[in-house]
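# Coordinate inspection notes
These are the residues of each chain, in order.
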Amino acid sequence: MYEVAEKPSLGGSRWYVLPDDTTYYEPFDGTPRPALAASSTLRGMPTWTEVAT
């Protein structure tokens, strides 16, 4: 699971990366949905912090 560490980018909130590299976005309303961002994008952004594995 990844969260924004600084100012919001790519929508803010939480992003989930599954073992098969599928990504999901959980906006502030709490309803996860398939994400358009690739797992490599989330892992490679310096303003994102991995908070769980």
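Residues numbered from 1 in each chain as written. Predicted model: local features only at pLDDT ≥ 70, side-chain atom pairs only at ≥ 80, totals over all residues. Heavy atoms only, no water.

### A short note on unusual backbone geometry
- One non-glycine residue with positive phi stands out, namely aspartate 21, at about 70°.
- The topology assignment puts aspartate 21 in the loop between strand 2 (14–17) and strand 3 (23–26). (Helix = DSSP H or I, 4+ residues; strand = E, 2+ residues; numbered from the N terminus.)

### Regarding the packing of aromatic side chains
- On inspection of all chains with the given rule, the structure shows one aromatic pair.
- Judged by centre distance (4.6 Å) and plane angle (40°), the ring pair of tryptophan 15 and tyrosine 25 falls under tilted. Residue tryptophan 15 is located in strand 2, and its partner tyrosine 25 is located in strand 3; the two are separated by 10 residues in the primary sequence. (Phe/Tyr/Trp six-rings, centres within 6.5 Å; stacked < 30°, edge-to-face > 60°.)

### Points about the pairing of strand 3
- The sheet contact formed by strand 2 and strand 3 spans four bridges and is antiparallel. Of the residues in strand 3, the one forming a bridge with tryptophan 15 is tyrosine 25.
- A loop of five residues connects strand 2 with strand 3, the two strands running antiparallel in sequence, and aspartate 21 in this loop sits at a positive phi of about 70°.
- In terms of strand pairing, strand 3 meets strand 4 (residues 33–34) through two bridges, oriented antiparallel. Residue pairing across strands places tyrosine 24 opposite proline 34, the latter belonging to strand 4.
- Linking two consecutive strands that pair antiparallel, namely strand 3 and strand 4, is a turn of six residues; a positive phi of about 85° is found at glycine 30 within it. (Pairing = 2+ DSSP bridges.)

### Observations concerning the confidence of the model for the protein chain
- In this model, the protein chain carries an average pLDDT of 75, and 70% of its residues clear a pLDDT of 70 or more.
- Per-element mean pLDDT across the protein chain ranges from 62 in strand 1 (residues 2–4) up to 90 in strand 4. (pLDDT = per-residue confidence, 0-100.)

### Here we look at the environment of leucine 18
- Tracing the backbone shows leucine 18 in the loop between strand 2 and strand 3.
- Of the residues examined, leucine 18 reaches a relative accessible area of 35% and is grouped as partly exposed.
- Remark: the alpha-carbon pair of leucine 18 and serine 39, spanning 21 residues in sequence, is separated by 8.6 Å. (Buried < 20%, exposed > 50% of the residue type's maximum accessible area, 1.4 Å probe, protein only.)

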